[in-house]
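# Descriptive structure summary
Residue strings, one per chain:
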Amino acid sequence: MRKLSIAELEAHHRGPTFTSVLPGHVVQKGGFRVYAEPNFRTHDEPGRHVHPVPEIFVIVQGSGVIEVEGAEVEKFQAGEAVLFEPGEDHHLISRGEQPLIFVWMHLEPLS
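Report on the accompanying structure. (Residues numbered from 1 in each chain as written. Predicted model: local features only at pLDDT ≥ 70, side-chain atom pairs only at ≥ 80, totals over all residues. Heavy atoms only, no water.)

### Digging into the side chain of T42
Relative to the assigned elements, T42 resides in the loop between β2 (25-35) and β3 (55-61). Among the polar contacts listed, one links the side chain of T42 to the backbone nitrogen of L92, at a separation of 2.8 Å. (Helix = DSSP H or I, 4+ residues; strand = E, 2+ residues; numbered from the N terminus. Polar contact = N/O pair within 3.5 Å; in protein donor to acceptor, adjacent residues only side chain to side chain.)

### Looking at the nonpolar core
Residues F57, I59, I66, F76, F84, L92 and F102 are the most contacted members of the largest nonpolar core, which totals 13 residues. Elements represented by at least two residues in this core include exactly β3, β4 (63-68), β6 (80-84) and β8 (100-109). In terms of residue count, the dominant contributor to this core is β8 (three residues). Formed by seven residues, the second largest nonpolar core is a distinct cluster that contains L22, V58, M105 and L107. (Core = buried A, V, L, I, M, F, W, Y, C linked by side-chain atoms within 4.5 Å. Buried < 20%, exposed > 50% of the residue type's maximum accessible area, 1.4 Å probe, protein only.)

### Focus on the sheet that holds β2
The five strands lie next to each other as β1-β6-β3-β8-β2, forming an open sheet whose pairing is antiparallel. In this open sheet, the two strands that pair with only one neighbour each are β1 (2-5) and β2. Recorded for the sheet is a direction-independent mean angle of 20° between the axes of neighbouring strands. (Pairing = 2+ DSSP bridges. Axes fitted to C-alpha atoms, helices over the stretch in contact; angles between N-to-C directions.)

### Details of the pattern of salt bridges
One pass over the structure, following the stated rule, counts five salt bridges. Between E74 and K3 there is a salt bridge, and its shortest N-O distance comes to 3.1 Å. Taken as a pair, E74 in strand β5 (residues 71-77) and K3 in strand β1 lie far apart in primary sequence, 71 residues in all. Judged by its relative accessible area of 34%, E74 is partly exposed. The salt bridge partner of R41 is E67, with a shortest N-O separation of 2.6 Å. Taken together, the residues span a long stretch of sequence, with R41 in the loop between β2 and β3 and E67 in strand β4 at a distance of 26 residues. Through salt bridges with shared partners, a single network forms among K3, E74 and E80. (Salt bridge = Lys/Arg side-chain N within 4 Å of Asp/Glu carboxyl O.)

### Regarding the sheet that holds β4
Here we have three strands laid out as an open sheet, ordered β5-β4-β7, and antiparallel in their pairing. Two strands bound the open sheet, and with one partner strand each, they are β5 and β7 (90-94). Strand after strand, the sheet turns through a mean of 30° between neighbouring axes, direction not considered. Alignment of β4 against β5, held across six bridges, turns out to be antiparallel. Residue pairing for β5: E67 is matched across the bridge by E72.

### Description of the environment of G30
With respect to the element layout, G30 can be found in strand β2. Spatially, the C-alpha atoms of G30 and I56 are 9.2 Å apart, while their sequence positions differ by 26 residues. If we skip the residues at most four places from it in the chain, G30 touches W104 and M105. (Contact = heavy atoms within 4.5 Å.)

Nothing here speaks to function; it is all geometry.
Below is the structure:
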């Protein structure tokens with residue numbers, strides 16, 4: 001897991017490439033989520049939640065904690081991007097007063 005400020009992203013980002021976040025990767029698929037409930041935990045199904053590709057969350061609004069492999073490891077807030085590695089069990093937990101709003105993207109290597 002890596003956490004970055006959105007301000008750290010290089011100005012050349014356009015389209016699906018994320019060269020300063022994860023060199024050589026593009027967006028495979030993604031979406032936009034809004035969760036108004038406090039203490040909402042992403043991917044709250046039973047068992048581990050992993051992907052075979054990296055996943056990045058860009059936090060638009062809200063704050064909370066990052067959970068990796070079942071342990072709360074770091075806080076997050078609006079204006080940050082959180083990158084999870086392939087195979088890493090991961091969740092975001094909303095702990096702020098504002099609804100949690102984020103964009104998520106699965107990345108894949110450039111072919």
